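Here is what each chain is made of, one letter per residue.
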Amino acid sequence: MSGVQRVEIEYCTQCRWLPRAAWLAQELLTTFETELTELALKPGTGGVFVVRVNGEVVWDRREQGFPEPTAVKQAVRDRVAPGRSLGHSDRSA
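Residues numbered from 1 in each chain as written. Predicted model: local features only at pLDDT ≥ 70, side-chain atom pairs only at ≥ 80, totals over all residues. Heavy atoms only, no water.

- Under an unreviewed UniProt entry, the name given to the protein is SelT/SelW/SelH family protein, and the organism recorded is Streptomyces siamensis.

Take a look at the structure:
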């Protein structure tokens with residue numbers, strides 16, 4: 001890992017999705033406690049729920065539905081710690 005590794009979770013305040021965004025943030029901070037240098041919660045409107053890593057969209061609710069934590073962890077891992085095992089989160093269903 002080199003430099004800043006920033007995750008941003010943009011969530012809809014009108015939809016009251018702050019608890020969902022905060023829970024996902026907690027999951028990511030726990031999983032990537034040494035890899036992430038910053039995690040931001042960004043209030044939005046209009047049904048937005050988007051996860052970005054260093055500005056790159058890795059999950060968009062409008063295109064992919066609400067994410068399972070495992071899917072987001074894998075997408076984040078692929079960008080901030082490629083090759084790292086996520087243990088049981090790497091097992092396919």
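## A look at the nonpolar core
Okay, step 1: Counting residues in hydrophobic clusters, the biggest one holds 24 residues, and the most contacted among them are Val7, Ile9, Leu28, Val51 and Val76.
Okay, step 2: Elements supplying a minimum of two residues to this core: β1 (6-12), α1 (18-31), β3 (49-53), β4 (56-60) and α3 (69-80). (Core = buried A, V, L, I, M, F, W, Y, C linked by side-chain atoms within 4.5 Å. Buried < 20%, exposed > 50% of the residue type's maximum accessible area, 1.4 Å probe, protein only. Helix = DSSP H or I, 4+ residues; strand = E, 2+ residues; numbered from the N terminus.)

## Details of the sheet that holds strand β2 (residues 38-44)
Okay, step 1: With mixed pairing, 4 strands are arranged side by side in an open sheet as β2-β1-β3-β4. Both outer strands of the open sheet, β2 and β4, are each paired with one neighbouring strand and no more. Going from strand to strand, the sheet's axes swing by 20° on average, the running direction of each strand aside.
Okay, step 2: Sheet strands in contact with α3 are β1, β3 and β4, and its direction is about 170° off that of β4. (Pairing = 2+ DSSP bridges. Axes fitted to C-alpha atoms, helices over the stretch in contact; angles between N-to-C directions. Contact = heavy atoms within 4.5 Å.)

## What to know about the pattern of salt bridges
Okay, step 1: One pass over the structure, following the stated rule, counts 8 salt bridges.
Okay, step 2: Among the salt bridges present, the one from Arg84 reaches Glu35, with a minimum N-O distance of 3.1 Å. In this pair, Arg84 is assigned in the segment after α3 and Glu35 in the loop between α1 and β2, connecting sequence segments 49 residues apart.
Okay, step 3: Judged by relative accessible area, which is 28%, Arg84 ranks as partly exposed. (Salt bridge = Lys/Arg side-chain N within 4 Å of Asp/Glu carboxyl O.)

## Some thoughts on α1
Okay, step 1: Taking 1.5 Å per residue as the helical rise, α1 with its 14 residues ought to reach 20 Å, and the 20 Å between its terminal C-alpha atoms agrees with that figure.
Okay, step 2: As for α1, its buried residues are in contact with β1, β2, β3 and α3. (Expected span 1.5 Å × (residues − 1).)

## Considerations on unusual backbone geometry
Okay, step 1: For Arg16, which is not a glycine, the phi torsion comes out positive at approximately 65°.
Okay, step 2: Structurally, the position occupied by Arg16 is in the loop between β1 and α1.
Okay, step 3: Take Arg16: its relative accessible area is 69%, and that puts it in the exposed class.
Okay, step 4: Of note, Asn54 is a non-glycine position whose phi angle comes to about 50°, a positive value.
Okay, step 5: Counting through the fold element by element, Asn54 comes out in the loop between β3 and β4.

## A closer look at the side chain of Glu10
Okay, step 1: Mapped onto the elements, Glu10 comes out in strand β1.
Okay, step 2: A relative accessible area of 13% means that Glu10 is categorised as buried.
Okay, step 3: A polar atom in the side chain of Glu10 sits 3.0 Å from the side chain of Arg52.
Okay, step 4: Setting aside residues up to four positions removed in sequence, Glu10 forms contacts with Lys42, Gly44, Val48, Phe49, Val50 and Arg52. (Polar contact = N/O pair within 3.5 Å; in protein donor to acceptor, adjacent residues only side chain to side chain.)

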